[in-house]
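Inside the fold
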Amino acid sequence: MSTAAGRFPMAVTYDDVASAAQLLAGCCHRTPVVTSRTVDERAGASVFFKCENLQRAGAFKFRGAYNALMRLSPEQKRRGVVAYSSGNHAQAVALAGQLLHIPALIVMPRNAPQVKANATRGYGAEIVFYDRGESREAIAERLARERGLAVIPSFDHPHIVAGQGTAAKELLEETGSLDFLFVPCGGAGLLSGSAIVARQLAPGAKVIGVEPAAGDDATRSFRTRTLQTVTDPDTIADGARTSSLGKITFPLVLEYVSDMVTVSDPELLSAMFFLWERVKLVVEPTGALGAAAVFERKVDVRGARVGVILSGGNADIRELARLL
């Protein structure tokens with residue numbers, strides 16, 4: 001399906017990301033940047049991994065969630081928030097809510113990875129499950145009306161995008177200029193924020209968004225400049241099963257992203273297990289999207305300085321052991 005693109009305002013700027021970075025200082029991990037000679041040999045490039053798999057709650061999502069919750073009004077904080085997510089945004093909102101003493105209600109698919117549901121409960125959030133095919137957005141909006149809650153979208157929100165962009169800001173501050181930056185893409189909150197930062201701090205860098213091949217709506221949207229959708233794609237990258245880019249993220253992707261590529265599930269598994277075995281980094285499938293694109297030479301990066309955001313590490317070990 002497709003929807004003609006409208007003219008949306010650029011809702012997020014580099015100043016918004018810089019403001020989010022100040023707000024997150026001291027409560028958000030400044031995750032390490034990891035290099036590996038073995039990876040460089042395989043890629044034919046100098047590769048710098050930004051390890052958001054080591055972020056609080058196990059993924060970059062904590063950055064956006066904390067930034068968004070901190071900016072709520074006192075009354076909104078008292079009433080609480082509702083979010084919808086397959087896992088990482090759920091955990092991030094739950095943890096941010098716990099730290100800020102804001103009640104959190106999370107709408108999750110019934111088949112979400114158990115490790116993510118358990119962690120969300122462990123951070124003190126209430127969970128409402130739904131079946132695939134139901135509209136999680138509609139469920140969240142109904143609960144928001146009934147309980148007076150503020151809705152915290154998983155990607156299509158200016159404060160979320162700005163918060164996620166701080167990961168790329170840290171990476172570029174540490175590594176200096178890069179030739180390429182590979183970023184996993186679901187709804188493009190991380191990709192949009194990262195691309196905004198790259199334009200400011202490394203204007204010569206090409207920002208490459210990476211999707212699972214089965215959920216290539218953002219890639220099709222980028223190519224056609226028309227918003228494309230996908231329905232419940234069958235991919236192990238559960239964090240990239242979003243149906244489409246958003247009204248905020250779509251124009252940001254068109255403005256700031258250099259290219260979009262896709263990787264297959266077998267390619268994704270190969271990259272993920274390589275990171276586990278050779279780099280000793282536990283990364284979930286969605287988190288390995290960027291690395292898979294580099295390893296599979298989806299873009300020619302030979303001889304270049306390449307940044308890769310490893311977006312999360314909340315791997316369902318039992319399920320992945322079955323696939324292995």
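Residues numbered from 1 in each chain as written. Predicted model: local features only at pLDDT ≥ 70, side-chain atom pairs only at ≥ 80, totals over all residues. Heavy atoms only, no water.

Let's shift gears to the packing of aromatic side chains. The tally for this structure, following the rule as stated, stands at four aromatic pairs. Relative to Trp 276, the ring of Phe 273 has its centre 5.3 Å away and its plane inclined at 90 degrees; by these criteria the two rings are edge-to-face. With a gap of three residues between them, Phe 273 and Trp 276 both fall in helix H12 (residues 265–279), about one helical turn apart. Given the relative accessible area of 22%, Trp 276 is considered partly exposed. Between the aromatic rings of Phe 274 and Phe 295, the centroid separation amounts to 5.2 Å while the plane-to-plane angle is 70 degrees, which identifies the pairing as edge-to-face. Taken together, the residues span a long stretch of sequence, with Phe 274 in helix H12 and Phe 295 in helix H13 (residues 289–295) at a distance of 21 residues. Take Phe 274 and Phe 295: they sit in the same class, and that class is buried. Positioned above the aromatic ring of Phe 274, the side-chain terminus of Arg 42 is 4.6 Å from the ring centre. Of note, Arg 42 hangs over the ring of Phe 295, and the distance from its end group to the ring centre comes to 4.3 Å. (Phe/Tyr/Trp six-rings, centres within 6.5 Å; stacked < 30°, edge-to-face > 60°. Helix = DSSP H or I, 4+ residues; strand = E, 2+ residues; numbered from the N terminus. Buried < 20%, exposed > 50% of the residue type's maximum accessible area, 1.4 Å probe, protein only. Lys NZ or Arg CZ within 6 Å of the ring centre and 35° of its normal.)

Tallied over the entire structure, the rule returns zero disulfides. Left without a disulfide partner, Cys 28 is nearest to the cysteine sulfur of Cys 27, which lies 6.1 Å away. A relative accessible area of 12% means that Cys 28 is categorised as buried. Considering cysteine sulfurs only, Cys 28 is the nearest to Cys 51, which forms no disulfide, with 14 Å between them. (Disulfide = S-S within 2.5 Å.)

A few words now on the pattern of salt bridges. Where side chains of opposite charge bring their charged atoms close, a pairing between them can arise. Across all of its chains, the model carries 18 salt bridges by this definition. Put simply, Arg 30 and Glu 173 hold a salt bridge, and the shortest N to O gap is 3.0 Å. On the criterion of sequence distance, the pair formed by Arg 30 in the loop between helix H1 (14–24) and strand S2 (33–34) and Glu 173 in helix H8 (residues 158–175) is long-range, its members being 143 residues apart. When its relative accessible area of 41% is taken as the criterion, Glu 173 is described as partly exposed. One continuous salt-bridge network, built from bridges that share partners, spans Lys 50, Glu 52, Arg 63 and Glu 170. (Salt bridge = Lys/Arg side-chain N within 4 Å of Asp/Glu carboxyl O.)

Strand order across the open sheet formed by six strands is S2-S3-S12-S8-S9-S11, with mixed pairing between neighbours. Strands with a single pairing partner mark the edges of an open sheet, and in this sheet they are S2 and strand S11 (259–263). Pairing geometry for strand S3 (residues 46–51) and strand S12 (residues 305–310), over six bridges, is parallel. Its bridge partner being in S12, Cys 51 is matched across the sheet by Leu 310. The sheet strands contacting H8 are S2, S3, strand S8 (180–184) and S12, and the helix crosses S3 at an angle near 140 degrees. (Pairing = 2+ DSSP bridges. Contact = heavy atoms within 4.5 Å. Axes fitted to C-alpha atoms, helices over the stretch in contact; angles between N-to-C directions.)

Attention now moves to the side chain of Lys 116. Summarising the element assignment, Lys 116 is placed in helix H6 (residues 114–122). For Lys 116, a relative accessible area of 1% puts it in the buried group. For Lys 116, the side chain forms a polar contact with the side chain of Glu 284, separated by 2.8 Å. Filtering out sequence-adjacent residues up to four positions away, Lys 116 remains in contact with Ser 86, Gly 87, Asn 88, Gln 91, Met 108, Asp 238, Glu 284 and Asn 314. (Polar contact = N/O pair within 3.5 Å; in protein donor to acceptor, adjacent residues only side chain to side chain.)

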